[in-house]
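# Commentary on secondary and tertiary structure
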Amino acid sequence: MKRVIVGLSGGVDSSVAAYLLKEQGYEVIGLFMKNWHDDSVTISNECPWLEDSNDALLVAEKLGIPFQTVDLSEQYKERIVNYMFNEYEQGRTPNPDVLCNREIKFDVFMKIALSLGADFVATGHYCRKGEIEVDGEKVFQLLAGKDDNKDQSYFLCQLSQEQLSKALFPIGELTKPQVREIAMKLNLVTAEKKDSQGLCFIGKVRLPEFLQQQLQPKEGIIVEIDVNHPIYSQEKPIFSSKEEELKYLSKPIHYIPEMGKKVGQHQGAHYFTIGQRKGLNVGGTKEALFIIATDVKNNEIYTGQGHHHPGLFRKALRVQPSEIHWIRQDLALKNGETMDVIARIRYRQELQKATLYQFESGLYVEFDVPQSAITEGQFVAWNIDDELVGSGVIS
């Protein structure tokens, strides 16, 4: 009998995942990860992880499976929290959820599970795993979940073949309503529990307060750039190569205060991200102000009115050579090669038609249609049909 360790989070998805595995005849053990506890920044005085671990325990009892808690807060702080602060400090916007899967759930947690004699680790992600043969070798595929509304394959875009080989995603074939229905039938305490919001580890924490603990506030200016600024109607130069053109298309515009007018003050450029419009506290504009650029070095924020502002859009992005990750290594591009894909630059974004270009200087993703708020530090992930084949950090 194969042994599976399920990461029971105290939510409905992992609860149903555990039940389905048991039905399929696996020996199932539930493990709750305690990842973060810093009471100084939680929003209210409730203690989310305690409540969640209790719910996970009740589910395990109901399903009749062994249960224990592991405390991973040390590794968490080291691999996720410190990384986040570091990224924000440099003016990039990290994606802790993608990292949490790569570094914690499918690394630290997986190693613990394997040391407990597990054959597999299972989670409540809405995605599926495929298996094919390439040149006589077994190759694993990361496929979108059946529920279009909830597909979470993007969050697993940094997994390796080795990690996938040991992973199971029992609810990938189901939709969220079906999952809730199973939980209701079983009378699980998590059946009607709301989906957890927010960062995978901080739970109910407000990001700005969390950041302010580590990153010192410093006052700077907010500049508004007019929609008709000449920089947006510049002639495109003539390029001697495709690579040169992609380099040009993927480069963010460099703004200076003289290009616009000062409309307000902020408490630190490193608290803000491109495409953001909440938290600026600047009134009196006809349309909402969106952040089109942040300059952490000079502590300046650049904004534009409305979500169609040209400063928000770019047609291409670059991934540095060291940050290109292929789940399907057999499909990896060699220098000079291209590939037609559908890609997204954030979770829940509709997949967009794009072309990958591989050069020594890195991998470029050129979209058919310009994309809004391409953000440094976030992950771009690319698919062929419903298979996620690779990803990288936007540089």
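Keep in mind the model is a prediction, meaning the values are calculated, not measured.

## What about the sheet that holds strand β2 (residues 27-34)?
- Strands sit in the order β3-β2-β1-β4-β7 across an open sheet of 5 strands; the sheet is parallel. In the strand order of this sheet, the two ends are held by β3 (67-71) and β7 (167-168), each with one partner.
- In terms of strand pairing, β2 meets β3 through 5 bridges, oriented parallel. Opposite M33, over in β3, you have V70 as the bridge partner.

## Observations regarding unusual backbone geometry
- Positive phi outside glycine occurs at N299, with the angle close to 55°.
- Tracing the backbone through its elements, the reader meets N299 in the loop between β10 (289-295) and β11 (300-305).
- Phi is positive for R348, close to 75°, though the residue is something other than glycine.
- The exposed category is assigned to R348, whose relative accessible area is 51%.

## Looking at helix α4 (residues 96-115)
- Considering bend angle alone, the principal kink of α4 is centred on F109 and spans about 30°.
- For α4, a buried count of 14 out of 20 residues is recorded, marking the element as mostly surrounded by other parts of the structure.
- Here α4 starts with a cap whose side-chain oxygen sits 3.1 Å from the backbone nitrogen of D97, and that cap is N95.
- In the segment just after α4, G117 is the residue with positive phi, at about 80°.

## Let's talk about the nonpolar core
- Counting 52 residues, the largest nonpolar core has I104, F109, L142, F169 and F379 as its most contacted members.
- In terms of residues, this core owes the most to one element, α4, which gives 9 residues.
- Counting 27 residues, the second-largest nonpolar core is a separate cluster that includes L8, L20, I65 and Y126.

## Examining the sheet that holds strand β9 (residues 261-266)
- Overall, mixed pairing links the 4 strands, which are arranged β9-β8-β11-β10 in an open sheet. Either end of the sheet is taken by a strand with one partner, and the two such strands are β9 and β10. In this sheet, neighbouring strand axes are inclined to one another by 30° on average, regardless of whether the strands run parallel or antiparallel.
- Sheet topology places strand β8 (residues 220-224) next to β11; 4 bridges connect them, and they run parallel. Residue pairing in the sheet places E224 in a bridge with T303 of β11.

## A word on the packing of helix α1 (residues 12-23) against helix α6 (residues 176-185)
- It is the contact of α1 with α6, at a shortest axis distance of 9 Å, that shows an interaxial angle of 70°. One way to sum up the angle between α1 and α6 is to call them roughly perpendicular. Every pair of crossing elements has a handedness; the one defined by α1 and α6 is left-handed. Taken together, the residues of α6 that come into contact with α1 (itself represented by V12, D13, V16, Y19 and L20) are K176, V179, R180, I182 and A183.
- For the contact of α1 with α6, the residue count by class is 7 nonpolar, no polar and 3 charged.

## Concerning the pairing of strand β15 (residues 362-372)
- Bridge count between strand β12 (residues 313-326) and β15: 6 bridges; the pairing is antiparallel. Its bridge partner lying in β15, F313 is registered against S372.
- Pairing of strand β14 (residues 352-359) with β15, which is carried by 6 bridges, proceeds in the antiparallel orientation. Residue pairing in the sheet places Y357 in a bridge with Y364 of β15.
- What sits between β14 and β15 in their antiparallel hairpin is a turn of 2 residues.

What counts, and at which threshold
Residues numbered from 1 in each chain as written. Predicted model: local features only at pLDDT ≥ 70, side-chain atom pairs only at ≥ 80, totals over all residues. Heavy atoms only, no water. Pairing = 2+ DSSP bridges. Helix = DSSP H or I, 4+ residues; strand = E, 2+ residues; numbered from the N terminus. Buried < 20%, exposed > 50% of the residue type's maximum accessible area, 1.4 Å probe, protein only. Bend = angle between axes of the 7 residues up to and from the residue. Polar contact = N/O pair within 3.5 Å; in protein donor to acceptor, adjacent residues only side chain to side chain. Core = buried A, V, L, I, M, F, W, Y, C linked by side-chain atoms within 4.5 Å. Axes fitted to C-alpha atoms, helices over the stretch in contact; angles between N-to-C directions. Parallel < 35°, antiparallel > 145°, perpendicular 65-115°, else oblique. Left-handed = near helix turned anticlockwise from the far one by under 90°. Contact = heavy atoms within 4.5 Å. Nonpolar A, V, L, I, M, F, W, Y, C, P; charged D, E, K, R; others polar.

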